[in-house]
Amino acid sequence: MAIQHAVLALLARGPSYGYELKSAFEAAVGPQWGPLNIGHLYQILDRLSRDGLVIAERQPQPVKPDRVVYEITDDGRAELDRWLTAPSPRSGGFRDDFFLKVTAAARSGQPAVVRTVLANQRGHLMRELRNLDGLRRGADDPVVRLLLSAAGRHVEADLAFVDDAEAALLADGGATLAGLAAETTAAGPGKPSGARSGEDADPARAAG
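Note that this is a predicted model, so its numbers are computed, not measured. (Residues numbered from 1 in each chain as written. Predicted model: local features only at pLDDT ≥ 70, side-chain atom pairs only at ≥ 80, totals over all residues. Heavy atoms only, no water.)

**Q** Looking at this structure, I do not really get the confidence of the model for the chain. What am I missing?
**A** Low-confidence regions, as indicated by low pLDDT, have predicted coordinates that should not be scrutinised in detail. Averaged over the chain, the pLDDT score is 87; the fraction of residues at 70 or greater is 88%. Every residue in residues 192–208 scores below 50 in pLDDT, and together they form 9 contacts with partners more than four places removed in sequence or on other chains. (pLDDT = per-residue confidence, 0-100. Contact = heavy atoms within 4.5 Å.)

**Q** When you look at the packing of helix α2 (residues 18–29) against helix α3 (residues 38–50) in this model, what are you seeing that I'm missing?
**A** The angle between the axes and the distance between the axes are what describe a pair of packed helices. Axis separation between α2 and α3 bottoms out at 10 Å; the angle between their running directions is 110°. With respect to their mutual orientation, α2 and α3 come out roughly perpendicular. In this structure, α2 uses G18, Y19, L21 and K22 to contact α3, whose residues at the interface are I38, L41, Y42 and L45. Considered class by class, the residues forming the contact of α2 with α3 number 6 nonpolar, 1 polar and 1 charged. (Axes fitted to C-alpha atoms, helices over the stretch in contact; angles between N-to-C directions. Helix = DSSP H or I, 4+ residues; strand = E, 2+ residues; numbered from the N terminus. Parallel < 35°, antiparallel > 145°, perpendicular 65-115°, else oblique. Nonpolar A, V, L, I, M, F, W, Y, C, P; charged D, E, K, R; others polar.)

**Q** Hey, could you run me through the sheet that holds strand β1 (residues 16–17) in this one?
**A** Across a sheet, strands are paired by hydrogen bonds formed along the backbone, either parallel or antiparallel in direction. Read from one edge to the other, the open sheet built from 3 strands follows the order β1-β3-β2, with strand pairing classed as antiparallel. Only two strands of the sheet have a single partner each, and these edge strands are β1 and β2 (54–59). As paired elements, β1 and strand β3 (residues 67–72) share 2 bridges and run antiparallel to each other. Paired with S16 across the strands is Y70, a residue of β3. (Pairing = 2+ DSSP bridges.)

**Q** Got a minute to help me understand the environment of L21 in this structure?
**A** Residue placement: L21 occurs in helix α2. The spacing of L21 and L41 is 20 residues in sequence and 8.5 Å in space, taken between C-alpha atoms. Among all residues touching L21, those that are not within four sequence positions of it are V7, L10, L11, S16, L41 and L45.

**Q** Help me understand the pattern of salt bridges, please; the structure alone is not making it clear to me.
**A** Close approach of charged atoms allows side chains of opposite charge to pair. Counted by the stated rule, this structure contains 8 salt bridges. Its salt-bridge partner being K101, residue D97 comes within 3.8 Å of it at the nearest N-O pair. Separated by 4 residues within a single helix, D97 and K101 lie in helix α5 (residues 97–108), roughly one turn from each other. Among the residues examined, D97 registers a relative accessible area of 55% and is labelled exposed. A salt bridge links E166 to R122; the shortest N-O distance between them is 3.4 Å. Here the residue E166 occupies a position in helix α7 (residues 142–170), and R122 occupies one in helix α6 (residues 111–138), the gap between them amounting to 44 residues. A residue is classified by how much of its surface remains accessible, and R122, at 24% relative accessible area, is partly exposed. Residues joined in a network through salt bridges with shared partners are R122, D163 and E166. (Salt bridge = Lys/Arg side-chain N within 4 Å of Asp/Glu carboxyl O. Buried < 20%, exposed > 50% of the residue type's maximum accessible area, 1.4 Å probe, protein only.)

**Q** I tried to follow the pairing of β3 on my own but got confused; where do I start?
**A** Within a regular strand, side chains alternate between the sheet's two faces. When β2 meets β3, the two strands line up antiparallel, connected through 6 bridges. Bridging from a neighbouring strand, R58 pairs with V68 of β3.

What follows is the structure, encoded as structure tokens:
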């Protein structure tokens, strides 16, 4: 995640310190992100400082411990501009725990397992969507409302996938699942997908 660039964006507005940056970040991105770990934030600030993208200045306080104030450098502004103008690829690609769960349920060949997996995920997503909608309605900041709306769009897409999986795997009375289970059994552990039971995997030997 590009939290380090979000920190640079906050520092581009002026010097700041750790807890102030934490509060500013959480207010800017909205409640769907969750709280920012202060220890992780200081790790990011240390890395930005080592890379020359920010400078740190220790300021004494009369009662409390010294405060470290961070300020963005010219190199930091250049890196922020580079990040802002570059497209954003998906950070995790299309690897998803639920995709693997659907795969395992489908390969089991059991309609009841598939129904349970899909129903549980649909219920979870519906609760998540209602929660995001409530947060969006209560948000005063237009950017936070926009981000909450975007999060809701992601959940809606996930719900559409659940519907697609239900139609693809359960609409034919279990025939698709039976075929998948048969293929999985025939392939067996360590055999290439599509190989039939008892079939020689070596074409030369099979031809002989």
